[in-house]
Amino acid sequence: MSLHEIEARLRAAEARAGRAAGSVTLIAVSKLQPPARIEAVLRQGQRVFGENYVQEAAAKWPAWRAAFAGVKLHLIGPLQGNKAKAAVELFDAIHSLDRPSLAERLARLGQARGACPELFVQVNTGREPQKAGVLPADLDRFVADCRGLGLPLSGLMCIPPEAEDATPHFSALAAMAARNGLGGLSMGMSSDFEAAVAAGATHVRVGSAIFGPRA
Ligand SMILES: *Cc1c(COP(=O)(O)O)cnc(C)c1O
């Protein structure tokens, strides 16, 4: 695949779903990719990237940000409390807000800086014990608590169980967002981003289909 093919598939999925062209943000997931592949995609015009690890992103993105105007970085991997300050300084959006202690820390950091990244609450739609995310039953309370802290919530994010059909998870996430008055839906990866768009995704996170296999 290439960036242009993925963009074409995304525009076609938008059209099939009756969504406006360009209404879904393509996050190119560049974690663990060789720098040459990332630079090639930057030269093709892609500006929104996703990374999983704060340290990896902090090591490679400042130079590209200086060289390519308009880069936006989204943290899509789990965030440890002790990396929250670095994350808030580096990222434009964080998709892995998943616990009260992190919400409190982000609220404090946001107040101190006078700005906070866009935030997505990660939901463990499959209730998988090894996976991060707020459990569906706890979500409404968590969203209310985040709002009580003054956090700017943009939406919800999920990573469905690998062995299952993703569509019921996407639909469930869309329903949870709607009932909480949240417009953003970060869902869909290389293998299922078109199904995610059909279910209402506003942000799809596509890595290997754009860049090839990871190191
Ligand atoms: C790595 C990753 C992706 C991209 O996965 P691909 O299958 O390579 O598209 C998307 N979302 C999250 C949370 C990831 O960790």
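Everything numeric in this text was worked out from a predicted model, so none of it was measured.

Colleague: Residue-level account of the overall build of the protein chain, with values.
Modeller: Within the protein chain, the secondary structure is distributed over nine helices and eight strands. Within the protein chain, the proportion of its 215 residues that are buried is 50%. Counted over contacts in the protein chain with a minimum sequence separation of 6, partners at least 24 positions apart contribute 57%. On the protein chain, roughly 9600 Å² of surface is accessible, and the fraction owed to carbon and sulfur atoms is 54%. Within the protein chain, the 20 negative side-chain charges are centred at a point lying 4 Å from the centre of the 24 positive side-chain charges.

Colleague: Break down the packing of helix 2 (residues 35-43) against helix 3 (residues 54-67) for me, with residues and values.
Modeller: Where helix 2 contacts helix 3, the axes come no closer than 12 Å and their chain directions differ by 30°. Classified by chirality, the crossing of helix 3 by helix 2 is right-handed. Between helix 2 and helix 3, the contacting residues are Pro35, Ile38, Glu39 and Leu42 on the first element and Lys60, Trp61 and Trp64 on the second. When the residues that make up the contact of helix 2 with helix 3 are grouped by side-chain class, the tally is five nonpolar, no polar and two charged.

Colleague: Which residues make up the site of the ligand, and what values do they have?
Modeller: In the region of the ligand, 13 residues are neighbours, and Lys31, Asn52, Ser190, Ser208 and Arg214 sit closest. In the environment of the ligand, an oxygen atom lies 2.7 Å from a nitrogen or oxygen atom belonging to the backbone of Ser208. The separation between an oxygen atom of the ligand and a polar side-chain atom of Arg214 is 2.8 Å. Class assignment for the residues of the shell around the ligand results in six nonpolar, four polar and three charged.

Colleague: Could you give an account of helix 6 (residues 139-148), naming the residues involved and the relevant values?
Modeller: Of all the positions in helix 6, only Leu139, Phe142, Val143 and Cys146 are classed as buried. Across the axial projection of helix 6, the buried residues extend over an arc of 100°, all falling on one side. Away from the buried face of helix 6 by more than 90 degrees, exposed residues Arg141 and Gly148 are located. Against strand 4 (93-97), helix 5 (100-113), strand 5 (118-123), strand 6 (153-158) and helix 7 (167-179) lie the buried residues of helix 6. Just past helix 6, the residue Gly150 takes up positive phi, approximately 85°.

Colleague: Explain the side chain of Ser30 residue by residue, including any values.
Modeller: Within the secondary structure, Ser30 is located in the loop between strand 1 (25-29) and helix 2. The class for Ser30 is buried, based on a relative accessible area of 0%. Not counting residues up to four positions away in its chain, the partners in contact with Ser30 are Ile38, Phe49, Gly50, Glu51, Glu56, Lys60, Trp61 and Phe211.

Procedures and definitions
Residues numbered from 1 in each chain as written. Predicted model: local features only at pLDDT ≥ 70, side-chain atom pairs only at ≥ 80, totals over all residues. Heavy atoms only, no water. Helix = DSSP H or I, 4+ residues; strand = E, 2+ residues; numbered from the N terminus. Buried < 20%, exposed > 50% of the residue type's maximum accessible area, 1.4 Å probe, protein only. Contact = heavy atoms within 4.5 Å. Areas by Shrake-Rupley, 256 points an atom, 1.4 Å probe, with all protein chains shown as cover. Lys, Arg positive; Asp, Glu negative; His and termini not counted. Charge placed at Lys NZ, Arg CZ, Asp CG, Glu CD. Axes fitted to C-alpha atoms, helices over the stretch in contact; angles between N-to-C directions. Left-handed = near helix turned anticlockwise from the far one by under 90°. Nonpolar A, V, L, I, M, F, W, Y, C, P; charged D, E, K, R; others polar. Near = heavy atom within 4 Å. Polar contact = N/O pair within 3.5 Å; in protein donor to acceptor, adjacent residues only side chain to side chain. Arc of directions from axis to C-beta.

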